[in-house]
Every structure is written in C-alpha cells, then in structure tokens.
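Breakdown of the fold
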Amino acid sequence: MDKRATRIGLGQRQARSVARLSRQSWRALASRQEIIILACLVVAALVIGLWNPNFYQATNLLNLARGVSWFAVAALGVSMVILVGGIDLSVGAVMALAGVLCASALHAGLPVPLAILAGVAGGLGVGFLNGVLVARLGLPPFIVTLGTMGLVRGVTVGITNGAPLRDLPPHFRALGQHDLYLGPLSVPLSLVIMALLAVLVSLLLDRTILGRYIYTVGRDEQALRLVGVPSASVKITVYVLSGVLAACSGVLMTAWLGVAAPTAAEGYELEIIAAAVIGGASLFGGEGGVLGVVLGTTLMLVVRNGFVFLGLPTYLQSGAIGAMILTVVLIDHLWRRRLARG
Amino acid sequence: MRGITLLLLLLVVVACGAPAAPLRQRMTLAWVSKSLGNPVFDHGRNGALARARELSAAGPYTVEVIATGSASADAVEQTRVLDDLIARRVDGIAVSCNDPIACTEPINRAVAAGIPVMTWDSDAPESQRFTFLSIDNYAAGRVAGELLARAIDGSGKVAVLTGVPGALNLEQRVRGFRDTLAAYPDITIVAEVTSNEDISRGVQGVEDVMQAHRDLRGWFFAGMWPLFADRGAMPLWEQAARTGRVKTVSFDTLPFQLELLRDGYLTALIGQHYWGWGYDSVQTLYDRVAHRTVFPPFIDTGMDIVTINNVEAMIRAWETNDFTAPLPPP
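About the thresholds
Residues numbered from 1 in each chain as written. Chains lettered and ligands numbered in written order. Predicted model: local features only at pLDDT ≥ 70, side-chain atom pairs only at ≥ 80, totals over all residues. Heavy atoms only, no water. Pairing = 2+ DSSP bridges. Helix = DSSP H or I, 4+ residues; strand = E, 2+ residues; numbered from the N terminus. Axes fitted to C-alpha atoms, helices over the stretch in contact; angles between N-to-C directions. Disulfide = S-S within 2.5 Å. Buried < 20%, exposed > 50% of the residue type's maximum accessible area, 1.4 Å probe, protein only. Contact = heavy atoms within 4.5 Å. Left-handed = near helix turned anticlockwise from the far one by under 90°. Nonpolar A, V, L, I, M, F, W, Y, C, P; charged D, E, K, R; others polar. Salt bridge = Lys/Arg side-chain N within 4 Å of Asp/Glu carboxyl O. pLDDT = per-residue confidence, 0-100. Phe/Tyr/Trp six-rings, centres within 6.5 Å; stacked < 30°, edge-to-face > 60°. Buried area = accessible area lost by both parts, 1.4 Å probe. Polar contact = N/O pair within 3.5 Å; in protein donor to acceptor, adjacent residues only side chain to side chain. Core = buried A, V, L, I, M, F, W, Y, C linked by side-chain atoms within 4.5 Å. Domains from an automatic or database assignment.

1. Let's talk about the pairing of strand β1 (residues 179-182) of chain A
Moving residue by residue along a regular strand, the side chains alternate between the two faces of the sheet. Taken together, the four bridges between β1 of chain A and strand β2 (residues 185-188) of chain A define a ladder with antiparallel strand orientation. If you follow Leu180 of chain A over to β2 of chain A, its bridge partner there is Val187 of chain A.

2. Overview of the sheet that holds strand β12 (residues 304-306) of chain B
The strands making up a sheet associate through hydrogen bonds between their backbones, and the pairing can be parallel or antiparallel. Residue and element names in this part refer to chain B. If you trace the six strands from one edge of the open sheet to the other, you get β7-β6-β8-β9-β10-β12, paired in mixed fashion. Whereas interior strands pair on both sides, the edge strands pair on one side only; in this sheet they are β7 (187-194) and β12. Across this sheet, the average inter-strand angle for adjacent strands is 15°, counted without regard to direction. In this structure, strand β9 (residues 247-251) lies alongside strand β10 (residues 268-271), joined through three bridges in parallel fashion.

3. What to know about the state of the cysteines
Using the criterion set out here, one finds one disulfide over all chains in the structure. A sulfur-sulfur distance of 2.3 Å marks the disulfide that ties Cys97 of chain B to Cys103 of chain B. Its S-S torsion of approximately -75° makes the covalent link between Cys97 of chain B and Cys103 of chain B left-handed. Across this residue pair, the class does not change: Cys97 of chain B and Cys103 of chain B are buried. Cys248 of chain A forms no disulfide, and the closest cysteine sulfur to it belongs to Cys102 of chain A, at a distance of 10 Å.

4. Observations regarding unusual backbone geometry
Following Gly59 of chain B, the chain continues into Pro60 of chain B via a peptide bond in cis, with omega recorded as 0°. Within the secondary structure layout, Pro60 of chain B lies in the loop between α2 (39-58) and β2 (61-69). Although it is not a glycine, Asp167 of chain A sits at a positive phi angle of roughly 55°. Relative to the helices and strands, Asp167 of chain A is located in the loop between α5 (141-160) and α6 (170-177).

5. Concerning the environment of Arg45 of chain B
All names here are of chain B. Topologically, Arg45 is positioned in helix α2. What makes Arg45 partly exposed here is its relative accessible area of 33%. Considered as a pair, Arg45 and Ile308 are 263 residues apart in the sequence and their alpha carbons are 29 Å apart. Here Arg45 is in contact with Trp31 and Ala67, once residues within four sequence places are set aside.

6. Things to note about the packing of helix α11 (residues 290-310) of chain A against helix α12 (residues 317-341) of chain A
All names here are of chain A. Closest axis-to-axis distance for the α11/α12 pair is 10 Å, and the angle between their directions is 145°. For the pair α11 and α12, the sense of crossing is right-handed. Listed contacts from α12 to Leu299, Met300, Val303, Arg304 and Phe307 of α11 are Gln317, Ala320, Ile321 and Met324. Split into classes, the residues belonging to the contact of α11 with α12 amount to seven nonpolar, one polar and one charged.

7. Looking at the pattern of salt bridges
This structure, assessed with the given rule, holds 13 salt bridges over all chains. Lys235 of chain A serves as the salt-bridge partner of Glu221 of chain A, at 3.4 Å between the closest nitrogen and oxygen. Note that Glu221 of chain A is positioned in helix α8 (residues 209-226) and Lys235 of chain A in helix α9 (residues 231-257), a separation of 14 residues in sequence. With relative accessibility at 14%, the residue Lys235 of chain A sits in the buried group. Arg201 of chain B is paired through a salt bridge with Glu271 of chain A; the nearest N and O atoms lie 3.1 Å apart. Here Arg201 of chain B is found in helix α7 (residues 199-212), whereas its partner Glu271 of chain A is found in helix α10 (residues 268-278) on a different chain.

8. Considerations on helix α8 (residues 235-242) of chain B
Regarding α8 of chain B, the residues found buried are Leu236, Trp237, Glu238, Ala240 and Ala241 of chain B. Gly244 of chain B sits one or two residues past α8 of chain B and shows a positive phi near 80°.

9. Section: the confidence of the model for chain A
Per-residue pLDDT for chain A has a mean of 87; in total, 89% of the residues score no lower than 70. For the stretch residues 1-11 of chain A, pLDDT sits under 50, and the model shows one contact to residues farther than four places along the chain or on other chains.

10. Quick look at the packing of aromatic side chains
Overall, the coordinates contain 21 aromatic pairs over all chains when judged by the stated rule. For the ring pair Phe55 of chain A and Phe309 of chain A, a centre distance of 5.6 Å and an interplane angle of 90° mean the geometry is edge-to-face. Here Phe55 of chain A is found in the loop between α1 (2-51) and α2 (58-83), whereas its partner Phe309 of chain A is found in helix α11, with 254 residues between them in sequence. As far as burial versus exposure is concerned, Phe55 of chain A and Phe309 of chain A are alike and both buried. Their ring planes at 35° and their centres at 4.8 Å tell us that Phe228 of chain B and Phe256 of chain B sit as a pair that is tilted. With a gap of 28 residues between them, Phe228 of chain B in the loop between β8 (216-221) and α8 and Phe256 of chain B in helix α9 (residues 255-262) connect regions that are remote in the sequence. Note on accessibility: Phe228 of chain B and Phe256 of chain B belong to one class, buried.

11. What to know about the sheet that holds strand β4 (residues 117-120) of chain B
Residue and element names in this part refer to chain B. As summarised here, the arrangement of the six strands in space is β2-β1-β3-β4-β5-β11, forming an open sheet in which the pairing is parallel. Whereas interior strands pair on both sides, the edge strands pair on one side only; in this sheet they are β2 and β11 (298-300). Across this sheet, the average inter-strand angle for adjacent strands is 20°, counted without regard to direction. Strand direction decides the pairing type here: β4 and strand β5 (residues 132-134), joined by two bridges, are parallel.

12. Some words on the side chain of Thr104 of chain B
Looking at where Thr104 of chain B falls in the secondary structure, it is placed in helix α4 (residues 100-112). In this structure, Thr104 of chain B is in contact with Ala124, Glu126 and Ser127 of chain B, ignoring residues within four places of it in sequence.

13. Looking at the interface of chain A and chain B
Across the contact, 36 residues belong to chain A and 30 residues belong to chain B. Between chain A and chain B lies a buried interface of about 2500 Å² when both sides are counted; carbon and sulfur atoms form 50% of it. When residues of chain A are sorted by the area they lose upon contact with chain B, Arg166, Leu257 and Val308 of chain A head the list and together hold 22% of the total. The tally of links between chain A and chain B comes to two salt bridges. Linking Arg173 of chain A and Asp230 of chain B is a salt bridge whose minimum nitrogen-to-oxygen distance equals 3.8 Å. The interface formed by chain A and chain B holds 17 residue pairs in polar contact (both at pLDDT 80 or more) in total. Elements represented by at least two residues in the side of chain A that touches chain B include exactly α2, α6, α9, α10 and α11 of chain A. Of the residues forming the side of chain A that touches chain B, the biggest block, six residues, is contributed by α2 of chain A. Looking at the side of chain A that touches chain B residue by residue, the class counts come to 16 nonpolar, 14 polar and six charged.

14. Here we look at the nonpolar core
Counting residues in each nonpolar core, the largest one holds 187 residues, and the members touching the most others are Met95, Phe172, Met253 and Ile272 of chain A together with Met210, Trp219 and Trp237 of chain B. The element best represented in this core is α9 of chain A, accounting for 17 residues. In terms of domain composition, this core takes at least three residues from each of domain 1 (25-134 + 274-296) and domain 2 (137-271 + 306-320) of chain B. Apart from residues no more than four positions distant in its own chain, Met253 of chain A is found in contact with Trp70, Met95, Ala264, Ala265 and Tyr268 of chain A together with Ser200 of chain B. Of all hydrophobic cores here, the second largest spans 17 residues; its members include Ile86, Val90, Ile115 and Ala124 of chain B.

Written as structure tokens, this is what we have:
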C-alpha cells in the first residue's frame with residue numbers, strides 16, 4: 001500500500017516535471033502566434049478604419065465586443081479539447097440545446113439562476129457523454145462528437161417542436177444586452193462574463209496540476225500514463241468543460257437575442273474551431289492558450305464586420321476566413337520547420 | 001417475394017374486412033413539408049386538413065390527407081418519406097422540396113407509379129410534377145421595392161438582407177427588388193448581407209450595416225430572420241426604426257412581425273399564403289385526381305400586403321385562424 005502510494009507520488013512528480021518542460025517551449029511558441037494574430041488585428045483595424053472611420057465609433061466597438069464575448073466562451077472550451085488532441089463538433093448543437101433548456105425553464109417560471117443552471121447542466125451531460133465515449137471506449141473524437149451533434153440537435157428540435165422560444169424575461173435578456181459603466185467606459189456585461197471565464201480557464205491551465213496534465217496529454221499521452229496519471233479522467237474532464245462552456249455561450253447568445261431557436265448556432269462548430277486554430281491551438285494537440293483564443297475570435301469577427309464596412313459581398317466571408325486559417329497554419333508550419341533545422 | 005406475400009395478406013384482409021356496401025370511394029392525398037414542427041408549415045397542414053374535411057363533406061369522395069415530412073429540413077430524409085408514400089400507393093402527393101435536385105428522382109418515381117405529384121412553395125422544376133403552387137417571388141420583390149421607394153420618398157441609401165446565397169426563391173425576391181429600384185436614380189443599394197437563415201447572423205449583419213452607413217434610409221429583409229430576436233438585440237436598427245429614420249419592408253407576416261409593424265418599427269410586410277399552401281394544394285390535387293384537370297406549370301397563390309392600414313385585420317386572422325376573408329387594401 002505504502003509502496004504504491006510512493007510510486008504514484010513519484011509518478012506525479014515526474015509528470016509534473018515533464019509538463020513543466022513542455023510548458024516552457026509551448027510558451028515560446030504561443031507568444032509568437034499571439035503576436036502574429038495581434039499584428040493582423042491591428043493591420044485589419046487600421047485598413048477598415050481608414051476606409052470607413054465609422055468603424056472606430058463606440059457603438060461599433062460595443063457591437064463587436066458583444067459578438068466576441070459569447071463566441072469566445074465556446075472557443076475556450078473547444079481549444080481545451082484541441083489541447084488534448086481531440087475535437088468537439090457538438091458545440092453548436094450544445095449551444096442551441098442550452099438556450100432552449102434555459103428558455104423552457106424560464107417559461108416554466110423558474111428564477112433566472114436556476115434556468116441558467118438547467119442550460120449548463122445540458123452542456124455538462126453532453127460533454128460527459130462525449131468524454132466517456134472518447135476516453136473510456138477509445139472511439140475517435142471526430143466520429144463521437146459528430147454523432148452527439150446530430151443527437152443533440154434532434155433532441156433540441158424535439159423539445160421545442162421546431163418553434164423558437166420567445167418572450168424571455170427582461171432581466172434575463174440583460175445578461176446579453178446590458179452594458180456596465182466602468183468610469184467613462186461602457187463595457188458589455190457579456191464581455192465581462194467572458195473575461196471572467198477566460199481568467200478561470202487560464203488559471204486552470206497555468207496554475208493547476210490538471211492544467212499541466214491537459215497540455216501533457218496532448219503532447220505525450222503515453223508518458224503521462226507510464227507515470228500513473230489517469231489520462232482518461234483528464235480527457236473526460238476536458239470534454240465536460242467544453243460542454244459546459246458551450247452551454248454558457250449558448251445561454252449568453254440566447255440572452256442577447258431574446259430568442260432560443262432550435263436551429264440556432266447551426267454550423268458554428270467549424271467557425272469556433274477555426275477561431276481556436278487561428279488563435280494558435282494546434283490540432284496535433286498540446287499547444288494553445290487563452291489569450292490566443294480570444295485574439296483569434298476577435299480577428300474573425302473584425303474581418304466579418306470589416307466586410308460590411310469595406311462594402312465587400314458578404315458571401316465571400318467564408319472564403320476569407322478559410323484563407324486566414326490556411327495562412328496561419330502555413331506560417332506556423334514554416335516557422336516550425338525552421339526551428340527544427342536549427 | 002415479400003411483396004407477393006404482402007399482396008396476398010392484403011387480399012385476405014380486404015376479402016374478410018371489406019364493408020358490406022362501400023358507399024363512398026376513398027381518396028388519400030399526401031401533403032409533405034420541408035420539416036415537421038415549423039409553425040409556418042403547421043399552418044399549411046391545418047389548411048390541408050380543413051380542405052379535406054370540406055371536400056369529404058361535399059362528396060363523393062372521402063378525402064384523407066396524410067400531412068407528413070422529414071423531422072428536419074433534410075433532402076435525404078425527405079426522399080425516404082416520398083418513397084414510403086409511393087409504397088403506400090397514395091392517390092396524389094403535394095411536396096415542398098428541400099432540394100430541387102434531390103427531389104427530382106423520387107417525384108419521377110411516383111409519377112412512373114401512376115401517382116400525380118405537385119410542388120408547393122419550393123419547386124423541383126426539372127421533375128415531372130404537374131404544377132408548382134407558390135407566391136410569385138419576383139413580383140413580390142418588385143412590390144417590396146415599390147413600397148420602400150414610396151416610404152423614403154424616392155431617395156436615399158438602402159440595404160438588403162437575404163438568407164443562404166443560391167436559394168432560388170430568395171434570389172428572385174432580391175432581383176425583383178433591385179429591378180424596381182433601378183428606376184429610382186436617387187436610391188442606391190449600399191449593402192447586401194447574408195444571414196444564412198440564422199437569427200444571430202442576421203442580427204449582426206443588420207447592426208454592421210447600420211454602423212457602416214449611418215445615413216441609411218431603408219431596409220428590405222427578404223426573410224424574417226433578424227426580427228425573431230427580441231427588442232434590445234439590434235439597438236441601432238431599433239432606434240432608427242422607431243424614430244422613422246429607417247423604413248423597413250420585410251417578407252412574411254407572422255404574429256410577432258405584425259406586432260412590430262403596429263408598434264411602428266416596420267413599414268410594410270409581404271405575406272405568403274401559408275394556409276393556402278395546404279388548402280389550395282389539396283384542392284389542386286383533388287381536381288387532378290378526380291377530374292383529371294390540366295393545370296398550368298405555375299399557380300400563383302397571390303400575396304398579402306400588410307401596412308398600418310390593414311394590420312389589425314391580419315392580426316385578427318391569426319387570432320381566429322381564419323384566413324379566408326380578403327384583407328382590406330394596404
């Protein structure tokens with residue numbers, strides 16, 4: 001008994017040192033990618049603003065901030081799944097489910113906090129199902145989450161009979177619509193919520209052992225298992241967090257729109273994954289950070305917003321975002337090759 | 001083999017179970033929507049069932065309507081639904097196609113099996129359907145252009161919101177709108193944004209345009225997507241609409257849109273005859289099956305034009321579920 005305990009203790013120490021090592025090299029990589037994104041963001045804002053100065057108006061920045069907030073919350077969760085070398089295609093469907101559960105609870109007369117909990121619980125359940133199927137049964141995450149995506153969407157349409165739920169109470173909508181006044185600055189409440197969640201995720205990744213395990217699972221799962229860390233539990237936790245964050249995102253979106261549609265967020269999973277990838281999350285696992293995800297999301301929304309300001313046809317947007325993903329991945333790849341050559 | 005067994009079984013059932021004196025002939029018509037549960041389609045289904053009841057009461061046929069569809073708006077699932085109906089040997093099918101190409105084969109299979117097929121709302125023009133019943137989307141777009149041009153006194157910047165790029169009916173609406181405004185030299189269309197038939201994308205598109213063009217005077221929404229969102233979601237549009245700085249003409253006349261019109265946010269609405277999608281389709285199929293009536297390839301359902309002058313009548317129609325009375329002039 002004693003012996004086993006020491007072995008686990010030793011294992012954890014080893015894993016921790018492995019994790020610490022990989023964290024340092026990750027930091028070097030991530031900061032580079034974040035700087036690239038930040039530079040792109042500045043250039044985009046300058047070009048759009050030069051063309052149409054209305055871009056810099058406070059109302060537009062608020063509009064952008066509100067759009068970034070709920071989108072980034074979902075991207076944070078997906079980026080953690082990508083960190084462990086997985087993928088989560090069910091986030092869009094979970095967003096719709098959470099919105100519909102929350103709205104149904106509000107219609108049933110439940111107070112706002114309980115209704116939000118109902119929505120988040122839905123996300124937690126789906127995340128747990130994804131996690132167990134991927135980590136315990138060893139099924140490929142792409143297939144598992146593709147399946148739950150369809151399943152969850154079907155259930156959501158079933159709950160609502162296909163019709164959107166409207167007439168949500170004003171103090172619930174305030175979550176997504178109200179602005180806070182911090183001195184002379186007005187900041188959307190949803191952006192503050194996003195920042196809080198981002199700080200929490202950042203603390204989890206940077207300051208806890210679980211966070212180190214998450215990075216290590218993505219880089220070298222075998223090593224982690226050899227030193228006795230239950231990598232399956234780490235993965236399940238990550239899928240659960242992704243489900244919970246997607247649900248939070250769905251609740252925020254619903255509060256902003258004041259309507260919960262069963263067809264909401266259809267196809268958003270790919271944009272959310274794209275935001276995480278643009279922000280520096282590597283689909284090979286083990287790389288990425290909170291700041292990058294938020295910057296990646298912001299860049300995507302600024303580009304979309306910029307299309308309207310520059311007067312470009314909006315059907316070219318998906319093309320532009322596709323080109324952006326390829327460029328970022330290509331830069332990353334070339335950089336890595338140079339590093340490898342020394 | 002299984003087919004023969006089934007046939008034998010059926011014969012036995014018919015032989016044993018046939019009523020002594022079948023007084024009336026039964027006619028089974030299928031009414032297939034793009035998906036189940038959509039409130040607009042529910043409305044069409046009620047229309048279909050209502051006409052079936054009326055026809056049965058008038059005789060000589062007992063008309064039974066099977067109102068069905070795929071659970072979601074999915075082309076493959078819809079094919080399966082159509083094949084099931086062919087296997088059931090219904091007497092006629094009226095379908096709204098999720099995809100014009102995917103719909104063509106099953107429609108032709110039904111026609112080959114001797115079942116007349118018509119389309120409503122969403123067509124499969126290459127198929128052997130005998131007619132297509134719908135609003136004239138191009139004409140409706142022209143009317144929208146006229147209404148908006150009049151509302152902004154023939155000058156200013158306007159914008160267009162559409163759905164999925166490539167959707168035939170939406171493109172016709174926008175083309176009609178553009179063609180009409182081409183006759184107004186002082187009106188410029190400064191933006192056309194797509195919503196992907198998504199509420200949040202629609203809301204963001206509208207707000208982006210409101211921000212980029214602060215002197216915008218008018219909007220044409222080719223669909224109702226952003227209006228699904230509650231007050232507070234589009235602060236710029238709402239403020240401009242309430243003060244009358246921006247005039248908006250939108251497609252569709254759902255109750256929440258009528259409310260927005262009554263409250264002064266919208267200038268005019270162009271409504272499709274959701275009820276008629278069912279009611280008129282069943283009548284058309286009935287005539288085809290019972291009297292072998294020949295129809296032109298396109299049946300225009302007409303449109304409802306709703307403004308502040310007749311919005312109360314439309315609200316009453318929704319409340320009483322009776323859309324048979326003509327609307328007062330807009």
